[in-house]
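Okay, here's what each chain looks like letter by letter:
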Amino acid sequence: MRKFVIGCDNAVVEMKDTLKAFLQKQGAEVEDVGCFSSDDPTNYPTIAEKACNLIAESGFEKRGVLVCGTGIGMCMTANKCKGIRAAVGHDIFSARRSILSNDGNVICFGARVIGPELAKAILGEWMTLEYMDGPSTPKVQEIIALEERNMR
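Residues numbered from 1 in each chain as written. Predicted model: local features only at pLDDT ≥ 70, side-chain atom pairs only at ≥ 80, totals over all residues. Heavy atoms only, no water.

Student: Describe in detail the pairing of strand β5 (residues 106-110), supporting the description with residues and values.
Tutor: Of all five residues in β5, five are buried, a share of seventy percent or more. In β5, alternate side chains face the same way, and those of V106, C108 and G110 on one face and I107 and F109 on the other are all buried. Across five bridges, the pairing between strand β3 (residues 62-68) and β5 is parallel. Bridge assignment links V67 to a residue of β5, and that residue is F109. When strand β4 (residues 86-88) meets β5, the two strands line up parallel, connected through three bridges. Across the sheet, A87 pairs through a bridge with I107, a residue of β5. This β-α-β element, β4 to helix α4 (residues 92-100) to β5, shows right-handed connectivity. (Buried < 20%, exposed > 50% of the residue type's maximum accessible area, 1.4 Å probe, protein only. Helix = DSSP H or I, 4+ residues; strand = E, 2+ residues; numbered from the N terminus. Pairing = 2+ DSSP bridges. Right-handed = clockwise from strand over helix to strand, strands pointing away.)

Shown next, in the form of structure tokens:
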């Protein structure tokens, strides 16, 4: 069974809840790290860090789904966490490539950029993919080496 950590900022709780329900309907285990209401003052960097820490603590068995207004802030924050390779996934091709070419483990959505139905379609594809050793492996290894040099 696939395991996910999901989180959002307070502006897009409805989108997060929609994606959480979608994942659960697909049989996935989902850990929700908030925000849980539009009144929650927690900023997205705190949510992204919490989600990414849980992913790392799982030995990267869990993947992440992060939502904010554009997806960009969550993505930038997630990529500051060791072992995380996050991408904004506003189209199926990019979402696929985030895993197939880059061994991504977090997808970020912008609720002010795409609607919930498109986000579910993209997530439905993304959640089924697995990275396989191949032509992209040297590039992924280079990303990991860069991370090791810069994230002590």
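Student: Tell me about the side chain of K62, residues and numbers included.
Tutor: Among the structural elements, K62 can be located in strand β3. Within the structure, K62 has its side chain in polar contact with the side chain of E31 (distance 2.7 Å). Among all residues touching K62, those that are not within four sequence positions of it are K3, V5, E31, L54 and I55. (Polar contact = N/O pair within 3.5 Å; in protein donor to acceptor, adjacent residues only side chain to side chain. Contact = heavy atoms within 4.5 Å.)

Student: Kindly report on the pattern of salt bridges, identifying the contributing residues and their values.
Tutor: The final tally for this structure, using the stated rule, is ten salt bridges. Here K20 makes a salt bridge to D32, at a shortest N to O gap of 3.3 Å. Linking K20 in helix α1 (residues 13-25) with D32 in strand β2 (residues 29-32), this pair joins segments that are twelve residues apart in sequence. The exposure class assigned to K20 is partly exposed, which follows from its relative accessible area of 22%. One salt bridge connects K120 with E117, and the closest N-O pair in it is separated by 3.0 Å. Of this pair, K120 and E117 both sit in helix α5 (residues 116-126), three residues apart, which is roughly one turn of the helix. By relative accessible area, which is 54% here, E117 ends up exposed. Members of the salt-bridge network, linked through shared partners, are K16, D17, K20 and D32. (Salt bridge = Lys/Arg side-chain N within 4 Å of Asp/Glu carboxyl O.)

Student: For the environment of S37, give the residues involved together with the corresponding values.
Tutor: Tracing the backbone shows S37 in the loop between β2 and α2 (44-57). Residues S37 and V13, 24 residues apart in the sequence, show an inter-C-alpha distance of 6.2 Å. Beyond its immediate stretch of four places on either side in the chain, S37 contacts N10 and V13.

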